[in-house]
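Observations on chain architecture
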Amino acid sequence: MSFEFTVLSDDRFIEILEAWVDSPWPKTAEDGYALRDHLGWTADSQDPALFTSDVEPDEPSAYFTATNDSINSLTFPITDIAPEEARGDSLEDALVIYRHFCDILKSRYGKPKRRKNRNGYYRSNFVTSQGVGVSVGGTIAHVSCVVESPEEMFIASEYARLVAKGYISEDE
């Protein structure tokens, strides 16, 4: 089956980064709703933290998470999702798209802090000067971006430190 991904434009990706990543943190849920509206995304009728995206404008495909009114993360698609029957042929295109968006992040935030590529799953994690985490990753079916708050990044690094020191096991 022939399939071509719908891909977020570079300019729009940078606009999202500037709005979400490069602006001051912490962000409240109200800040998240305002950013959602500013970017022209439409809220889900059941959950305002779930909303449409540029590459999937007709269905909720992006969302943010919050704890105690403080945003933890934002997840949004860079591509739409390949249909099941096209997934065998879509990996090469997905990897090209993934690498392209990694290059954009590298030019803005420097080299990735971590990369993972195994079993058809790949991800590169970048950290901004204000401690915001930005990762691009995907599978044979799609490519997406996750933005993590400085607080979430601190929690993850502290967890990794405690595991490395042997104070806790990795499965805790």
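In this text the structure is predicted, and so the values were computed from the model without any measurement.

As for a positive patch on the surface
- Taken together, the side chains of Arg99, Lys106, Lys111, Lys113 and Arg115 define a basic patch exposed on the protein surface.
- Structurally, the position occupied by Lys113 is in the loop between helix H3 (87-109) and strand E4 (114-118).

Digging into the sheet that holds strand E6 (residues 133-138)
- In space, the 7 strands of this open sheet follow the order E1-E2-E3-E7-E6-E5-E4, with antiparallel pairing throughout. Every other strand in the sheet has two partners, leaving strand E1 (50-51) and E4 as the edge strands with one partner each.
- Alignment of strand E5 (residues 121-127) against E6, held across 6 bridges, turns out to be antiparallel. Looking across to E6, one finds that Ser124 is bridged to Val136.
- Relative to the sheet, helix H2 (residues 29-38) contacts E1, strand E2 (62-67) and strand E3 (70-77), its axis offset from that of E2 by approximately 165 degrees.

Focus: the packing of aromatic side chains
- If you walk through the whole model with that rule in mind, you get 9 aromatic pairs.
- Between the aromatic rings of Trp41 and Phe76, the centroid separation amounts to 6.4 Å while the plane-to-plane angle is 35 degrees, which identifies the pairing as tilted. With a gap of 35 residues between them, Trp41 in the loop between H2 and E1 and Phe76 in strand E3 connect regions that are remote in the sequence. For the pair Trp41 and Phe76, a shared accessibility class is recorded, and that class is buried.
- An aromatic cluster of three or more residues is present, and its members are Phe13, Trp20, Tyr33, Trp41, Phe51, Phe64, Phe76 and Phe101.

Details of the environment of Ser9
- Along the chain, Ser9 falls in the segment before helix H1 (10-21).
- Relative accessible area serves as the criterion here: at 40%, Ser9 is assigned to the partly exposed category.
- Residues Ser9 and Arg99 lie 90 residues apart in sequence; the distance between their C-alpha atoms is 14 Å.
- Looking at Ser9, its side chain comes within polar contact range of the main-chain nitrogen of Arg12, at 3.1 Å.

Things to note about H3
- The terminal C-alpha atoms of H3, which comprises 23 residues, lie 31 Å apart, in line with the 33 Å expected from a rise of 1.5 Å per residue.
- Taken as a whole, H3 has its buried residues at Ser90, Ala94, Leu95, Ile97, Tyr98, Phe101, Cys102, Ile104, Leu105 and Tyr109.
- Packed against the buried residues of H3 are H1, E5, E6 and strand E7 (143-148).
- Just beyond H3, the residue with positive phi is Gly110, at close to 90 degrees.

So, a negative patch on the surface
- Where like charges cluster on the molecular surface, the negative patch consists of Glu4, Asp89, Glu92 and Asp93.
- Checked against the element boundaries, Glu4 lands in the segment before H1.

Details of the pairing of E5
- Bridge count between E4 and E5: 5 bridges; the pairing is antiparallel. When the sheet's bridge partners are listed, Arg115 is paired in E5 with Ser124.
- Linkage of E4 to E5, two consecutive antiparallel strands, is achieved through a turn of 2 residues, within which Asn119 is found at a positive phi near 50 degrees.
- Linkage of E5 to E6, two consecutive antiparallel strands, is achieved through a turn of 5 residues, within which Gly131 is found at a positive phi near 85 degrees.

The rules behind these values
- Residues numbered from 1 in each chain as written.
- Predicted model: local features only at pLDDT ≥ 70, side-chain atom pairs only at ≥ 80, totals over all residues.
- Heavy atoms only, no water.
- Patch = residues over 30% accessible without salt bridge, like charges linked within 9 Å, V, L, I, M, F, W, Y side chains within 5 Å.
- Areas by Shrake-Rupley, 256 points an atom, 1.4 Å probe, with all protein chains shown as cover.
- Salt bridge = Lys/Arg side-chain N within 4 Å of Asp/Glu carboxyl O.
- Lys, Arg positive; Asp, Glu negative; His and termini not counted.
- Charge placed at Lys NZ, Arg CZ, Asp CG, Glu CD.
- Helix = DSSP H or I, 4+ residues; strand = E, 2+ residues; numbered from the N terminus.
- Pairing = 2+ DSSP bridges.
- Contact = heavy atoms within 4.5 Å.
- Axes fitted to C-alpha atoms, helices over the stretch in contact; angles between N-to-C directions.
- Phe/Tyr/Trp six-rings, centres within 6.5 Å; stacked < 30°, edge-to-face > 60°.
- Buried < 20%, exposed > 50% of the residue type's maximum accessible area, 1.4 Å probe, protein only.
- Polar contact = N/O pair within 3.5 Å; in protein donor to acceptor, adjacent residues only side chain to side chain.
- Expected span 1.5 Å × (residues − 1).

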